[in-house]
Amino acid sequence: MIADVAPAPYDGTGPFPALDVPARSRPERAIQLTVIAAIVVGPFAGLVAAVWLLWGHGVGFAELGLAVLFYLLTGFGVTVGFHRCLTHRSFTARPALRVALAVAGSMSFQGDVIGWVATHRRHHAFPDRPGDPHSPYMYGTGPAGLLRGVLHAHVGWLFSHDPTSRERYAPDMLADPAMRAVSKAFPALCAASLAVPFAAGWAIGGARVAVLALIWAGLVRIFLLQHVTWSVNSLCHMLGSRPFTTRRHDRATNLWPLAVPSLGESWHNMHHSDPACARHGVDPGQLDLSATLIWVFERAGWASGVRWPSPDRLQQNRRAPGENRAASPVSPVG
């Protein structure tokens, strides 16, 4: 598997060398592509339906309120749960909170929790170099390569045959019975992610509100959260500032326009500089709602061992004033 293949030499500008991965049977590949297509295309179909309904019928406060509620619920499940707690162990959550966060993240339609953690850890092991599952520099740094690469980093990688070893990158998750159970329940949790808004809409206003809630708080919410998350993979490695040093070839950036919808995840340069840090937005004015929620959990006694940013470490990782440069697609230096 790709996870067990040593990365090939890389100069920072050319396309990634082709990887030798085991072939899947046609039925297995067909099932994989069908499932992923449903996860990606289904929410887009909901967006189309929502635009059509908005044009002729408008949208009510009930369905919009439910959309915001479920966006925050599943979004924090990804950012606080999948990412900062489970992948990077930025804090230790009580068992019930750990499971709740994993369940909420699973309802985002972004894959099962163990697979998500393994893939993201692999991304940090090989940032923007061979082995990275979703780098926008996979096809080189020329105009055509970057265009193809950003599409790959955003959504194309989901359809590629490039498996990540869960045994290598997420052995702790595989050893946790609760996480294995949540992972196996991923299809049911996806169904619940649509059924619960529908039921809430029905309780609020009957069949009409239920259908609108299914569209807005279900499919449209999933579509928006998916593409915000995927934009961190793509845009936050191409556009923005790089005030902190990162590893060689790692071009992670801070992209402020995504700070609110990503719940703080778009302070991506800081995150790649210090992956285990619980706060990504560390400078004045950098809103990080995920870090705020972790602080609430800590004050409530539900989280412990929180790895808050250290002033000394921040200063150590910060570039000199003249080095705070914008992202460059041709510089291989971190």
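Structural notes, computed from the coordinates. (Residues numbered from 1 in each chain as written. Predicted model: local features only at pLDDT ≥ 70, side-chain atom pairs only at ≥ 80, totals over all residues. Heavy atoms only, no water.)

1. A look at the pattern of salt bridges
Then, number 1: According to the stated counting rule, one finds nine salt bridges in the structure shown.
Then, number 2: The partner of Arg 98 in a salt bridge is Asp 176, with the nearest N and O atoms 3.2 Å apart. Of this pair, Arg 98 sits in helix 3 (residues 95-106) while Asp 176 sits in the loop between helix 7 (171-174) and helix 8 (177-184), and the two are 78 residues apart along the sequence.
Then, number 3: Classification of Arg 98 as partly exposed rests on a relative accessible area of 22%.
Then, number 4: What emerges from the salt-bridge pattern is a single network uniting Arg 84, Glu 265 and Asp 288. (Salt bridge = Lys/Arg side-chain N within 4 Å of Asp/Glu carboxyl O. Helix = DSSP H or I, 4+ residues; strand = E, 2+ residues; numbered from the N terminus. Buried < 20%, exposed > 50% of the residue type's maximum accessible area, 1.4 Å probe, protein only.)

2. What about the packing of aromatic side chains?
Then, number 1: Counting across every chain of the model gives three aromatic pairs.
Then, number 2: Measuring from ring centre to ring centre gives 5.9 Å for Phe 297 and Trp 302, while their planes differ by 40 degrees; the resulting arrangement is tilted.
Then, number 3: One cation-aromatic arrangement involves Arg 148 over Tyr 139; the distance from NZ or CZ to the ring centre is 3.8 Å. (Phe/Tyr/Trp six-rings, centres within 6.5 Å; stacked < 30°, edge-to-face > 60°. Lys NZ or Arg CZ within 6 Å of the ring centre and 35° of its normal.)

3. Let's talk about the nonpolar core
Then, number 1: One finds Val 80, Leu 86, Phe 91, Val 113 and Met 173 to be the most contacted residues of the largest nonpolar core, which totals 30 residues.
Then, number 2: For this core, the secondary-structure elements that each account for two or more residues are helix 2 (61-87), helix 3, helix 4 (113-125), helix 8 and helix 11 (289-299).
Then, number 3: Of all the elements, helix 2 adds the most residues to this core, at six residues.
Then, number 4: Not counting chain neighbours up to four residues away, the residues in contact with Val 113 comprise Phe 82, Leu 86, Ala 102, Ser 106, Met 173, Met 179, Val 182 and Ser 183. (Core = buried A, V, L, I, M, F, W, Y, C linked by side-chain atoms within 4.5 Å. Contact = heavy atoms within 4.5 Å.)

4. Observations regarding the layout of surface pockets
Then, number 1: Here the largest pocket defines a volume of roughly 1100 Å³.
Then, number 2: What lines the largest pocket is a set of 45 residues, and nearest its centre among them are Gln 110, Gly 115, Thr 119, Trp 157 and Leu 158.
Then, number 3: The biggest single contributor to the lining of the largest pocket is helix 9 (residues 186-234), with seven residues.
Then, number 4: Of the residues assigned to the lining of the largest pocket, the class counts are 19 nonpolar, 19 polar and seven charged. (1 Å grid on protein atoms, 1.4 Å probe; cavity = no way out; pocket = protein on both sides within 12 Å on 5 of 7 lines; lining within 4 Å. Points joined across faces, edges and corners; volume = space filled by probe spheres on them. Nonpolar A, V, L, I, M, F, W, Y, C, P; charged D, E, K, R; others polar.)

5. Quick look at the environment of Pro 95
Then, number 1: Turning to its location among the elements, Pro 95 is positioned in helix 3.
Then, number 2: Through-space distance from the C-alpha of Pro 95 to that of Ala 178 is 8.8 Å; in sequence the pair is 83 residues apart.

6. Focus on helix 2
Then, number 1: The axis of helix 2 is deflected most strongly, by about 30 degrees, at Gly 81.
Then, number 2: The buried fraction of helix 2 is high, at 19 of 27 residues.
Then, number 3: Two residues or fewer after helix 2 comes Arg 89, characterised by a positive phi angle close to 55 degrees. (Bend = angle between axes of the 7 residues up to and from the residue.)

7. Describing the environment of Pro 197
Then, number 1: Mapped onto the secondary structure, Pro 197 falls in helix 9.
Then, number 2: For the pair Pro 197 and Ala 210, spaced 13 residues apart in sequence, the C-alpha separation works out to 7.3 Å.
Then, number 3: Beyond its immediate chain neighbours, meaning those up to four positions away, Pro 197 contacts Leu 66, Phe 70, Ala 192, Ala 213, Ala 217, Gly 218 and Arg 221.

8. Looking at helix 5 (residues 143-154)
Then, number 1: If you check helix 5, its first and last C-alpha atoms are 17 Å apart, about what twelve residues at 1.5 Å a residue would give, namely 16 Å.
Then, number 2: Among the residues of helix 5, those classed as buried are Gly 145, Leu 146, Gly 149, Val 150, His 152, Ala 153 and His 154.
Then, number 3: Next to the buried residues of helix 5 lie helix 9. (Expected span 1.5 Å × (residues − 1).)

9. With respect to unusual backbone geometry
Then, number 1: Not every positive phi belongs to a glycine, and Asp 128 is a case in point at roughly 55 degrees.
Then, number 2: For Asp 128, the position within the fold is in the loop between helix 4 and helix 5.
Then, number 3: If you check the backbone angles, His 249 has positive phi at about 80 degrees while not being a glycine.
Then, number 4: Mapped onto the elements, His 249 comes out in the loop between helix 9 and helix 10 (268-273).
Then, number 5: Judged by its relative accessible area of 6%, His 249 falls in the buried class.

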